Amino acid sequence: MIQLHDLKFEPFISEERITTAIEKISAQLNRDYDGITPVFLGILNGAFLVASEVIKRFEGNCEVAFVKLGSYEGISTTGNVETLIGLNQSLIGREVIVIEDIVDTGHTLAAIDGILKNSGVAGYRVVTLFFKPEAYKKDLKIDYIGMEIPNDFIVGYGLDYDGLGRNLSQIYKLKKANMTNLVLFGPPGAGKGTQASVLKDKYQLIHISTGDVFRYNIKNETELGKNAKSYMDKGQLVPDDVTIKMLGAEVDKNPGAKGFIFDGFPRTVAQAEALSDLLSEKNTEVSAMIALEVDDEILVERLLERGKTSGRKDDADEAIIRERIRVYYEETAILKQYYLKQDKYFGVDGVGSVDDITQRISKVIDSIQAE
C-alpha cells in the first residue's frame, strides 16, 4: 500500500508482468519493422519509461523523439491548432511508431492522428502499454497493446497522480473506500422498507429512498426539485441526470458514512451505470444488489391484507397488484443480469419473520464485508 497526496493505492500489476508485456510488443515491432528505419515518437509525460524499454529492445536502426501534444492560436484559421511540441525533424515519407503509456478515452490519440496525417507520413502505428477498452471512445486502431486493464485509476511506470508516482516500477490502483453500498430490491409487499429500516441501524448505513428524495426536493423547492417538477407536471419522466444529481447531493450530505442503502434506484442499466460513476467519484462502488424473493401469490395475499388497513387503492385491487409485480420483474430482470456479471447479485428468501429475513440478508452483507 502506498499513499500519494490524499489517496491510497494498492499493488495491481507487477514489474514482472510489465516486462513481459513490453517484450511481447518489442518482438512484434522487430518482426514488422525488419529492414525499416522508423521514427519513434514517445508521448510525454507518461510514456518515457515504456518508450525507453521498447526502443532499447529494437534491433534495427531508428530515430527517436519525445514530444508533447500542444496547441497554438492559428493565424489563418479560427480556434486552436494541435501540434507536437519537441518534434524537430520532418516526418514526410517516414514510418512512425507512436508510443503511449496508456490509452483510455482516445482523445489524445485522435489529435495525434490528425497531426500525423497532415505531416505527410508514409504510415504510422500505435503502441500502448495499457489499454482501457471500457473507456475507449474512438474508432482508431491501436496496433500493439501490452495488456488490457479495467477502467481503474492507476499510477506508476510513468503514470502519475498530480505529479507523484511516475517513478514507481510497478502499477498501483486506487484503493476503494471501505464502504458497504447496497442496492436493495424487492417486489411490492416483500417487506423491503422494513428491512431497509433494520439494516440501516444494524450496519450504520444511510438509507436513500428515491421517493423520499424526490418529495424532499420538490417540497423544499430546491433547484433540482423545481427541475424535476417541471417534467412531472408535463407527465414526463424525470431525466436520469436530474435523479442522479439528487442522489449525489444526498451522498454528499454524509461524507463520513459507512455506506448507503439505495432504495428505488437504479431501475435501468443506464441508471446503474450512472450510480457506478457517482460512487466511483467518491472512491467507492456498489457492494451488492440484494433482491428479496417472494412467491407472487404470497405477495398478492399480503398486499390485499394490507389494503384493508392502509387505505391505498393500489393495495385493494388484485389486478393492479399483479401489474405492479409484473413491472417489478421486468425491471429487476435487466438489473439482475447487470449485477450478476459483476458477481454482485444476491437473491434472498423473503418469506418468514422479519428477524429471519434480516439474518439471511445479514449473512450476505457480512460475507461482503469480510472480503
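Residues numbered from 1 in each chain as written. Predicted model: local features only at pLDDT ≥ 70, side-chain atom pairs only at ≥ 80, totals over all residues. Heavy atoms only, no water.

This brings us to the overall build of the protein chain. Summing up its helical and strand segments, the protein chain has eleven helices and 15 strands in all. Its C-alpha radius of gyration of 27 Å places the protein chain more than 25% over the 21 Å reference for a compact globule of 371 residues. For the protein chain, the spread of C-alpha atoms along the three principal axes comes to 85 × 50 × 35 Å. Burial status across the protein chain gives 43% buried among its 371 residues. (Helix = DSSP H or I, 4+ residues; strand = E, 2+ residues; numbered from the N terminus. Rg over C-alpha atoms; globule rule 2.2 N^0.38 Å. Buried < 20%, exposed > 50% of the residue type's maximum accessible area, 1.4 Å probe, protein only.)

We now examine the sheet that holds strand S11 (residues 180–185). Strand pairing in a sheet relies on backbone hydrogen bonds, with the paired strands running either antiparallel or parallel. The five strands lie next to each other as S12-S13-S11-S14-S15, forming an open sheet whose pairing is parallel. Either end of the sheet is taken by a strand with one partner, and the two such strands are strand S12 (206–209) and strand S15 (345–349). Direction aside, the axes of adjacent strands within the sheet are offset by 25° on average. Pairing geometry for S12 and strand S13 (residues 259–263), over four bridges, is parallel. Residue pairing for S13: serine 209 is matched across the bridge by aspartate 263. Packed on one face of the sheet, helix H4 (residues 192–202) meets S11, S12, S13 and strand S14 (288–293) and runs near 175° to S13. (Pairing = 2+ DSSP bridges. Axes fitted to C-alpha atoms, helices over the stretch in contact; angles between N-to-C directions. Contact = heavy atoms within 4.5 Å.)

To continue, consider the nonpolar core. With 29 residues, the main nonpolar core has Leu275 and Tyr339 as its most contacted residues. Ranked by residues supplied to this core, first place goes to helix H7 (residues 240–252) with five residues. Non-local contacts of tyrosine 339, meaning those with residues more than four positions away in its chain, are made with Val183, Pro266, Ala272, Leu275, Val286, Met289, Lys344 and Tyr345. Within the second largest apolar cluster, 27 residues are counted, among which are Ala51, Val127, Phe130 and Tyr157. (Core = buried A, V, L, I, M, F, W, Y, C linked by side-chain atoms within 4.5 Å.)

What follows covers the sheet that holds strand S1 (residues 2–4). The strand order S1-S2-S10-S9 describes an open sheet built from four strands, whose pairing is antiparallel. Edge positions in the sheet fall to S1 and strand S9 (154–155), since each of these pairs with one other strand and no more. In this sheet, strand S2 (residues 7–13) lies alongside S1 in antiparallel orientation, the contact comprising three bridges. Residue pairing for S2: isoleucine 2 is matched across the bridge by phenylalanine 9.

So, on to unusual backbone geometry. Cis geometry is found at the peptide bond from leucine 44 to asparagine 45, where omega equals 10°. Along the chain, asparagine 45 falls in the loop between strand S3 (39–43) and helix H2 (48–56). A cis amide bond, omega 5°, links phenylalanine 265 with the succeeding residue proline 266. Despite not being glycine, glutamate 221 has its phi angle at roughly 50°, a positive value. Locating glutamate 221 in the fold gives a position in the loop between helix H5 (210–219) and helix H6 (223–232). On the accessibility criterion, glutamate 221 (56% relative accessible area) is exposed.

Close approach of charged atoms lets side chains of opposite charge pair. Within this structure, the stated rule accounts for 23 salt bridges. For the salt bridge of arginine 57 with glutamate 23, the shortest nitrogen-to-oxygen distance reads 4.0 Å. Here glutamate 23 lies in helix H1 (residues 15–32) and arginine 57 lies in the loop between H2 and strand S4 (63–73), a separation of 34 residues in the sequence. According to the relative accessible area criterion, glutamate 23 is partly exposed, its value standing at 43%. Here glutamate 323 makes a salt bridge to arginine 326, at a shortest N to O gap of 2.6 Å. Here arginine 326 and glutamate 323 lie together in helix H10 (residues 318–340), a separation of three residues that amounts to about one turn. (Salt bridge = Lys/Arg side-chain N within 4 Å of Asp/Glu carboxyl O.)

In this section: the confidence of the model for the protein chain. Taken as a whole, the protein chain shows an average pLDDT of 91; of its residues, 97% reach a score of 70 or greater. Confidence drops under a pLDDT of 50 for residues 74–78, and excluding neighbours within four residues, the segment shows two contacts in the predicted structure. (pLDDT = per-residue confidence, 0-100.)

So, about the side chain of threonine 358. Mapping threonine 358 onto the fold places it in helix H11 (residues 354–370). Polar side-chain contacts of threonine 358 include one of 2.7 Å to the side chain of glutamine 195. Among all residues touching threonine 358, those that are not within four sequence positions of it are Gln195, Val198 and Leu199. (Polar contact = N/O pair within 3.5 Å; in protein donor to acceptor, adjacent residues only side chain to side chain.)

What follows concerns the packing of aromatic side chains. Describing an aromatic ring pair means giving the distance of the ring centres and the angle of the ring planes. Across all of its chains, the model carries nine aromatic pairs by this definition. Ring centres of phenylalanine 9 and phenylalanine 153 lie 5.5 Å apart, and the angle between their planes is 75°; on these two criteria the pair is classed as edge-to-face. With phenylalanine 9 in strand S2 and phenylalanine 153 in the loop between strand S8 (144–148) and S9, the pair connects residues that are 144 residues apart, well separated along the chain. Its relative accessible area of 0% is what places phenylalanine 9 among the buried residues. One aromatic cluster is present, formed by Phe9, Phe153 and Tyr161 through successive ring pairs. (Phe/Tyr/Trp six-rings, centres within 6.5 Å; stacked < 30°, edge-to-face > 60°.)

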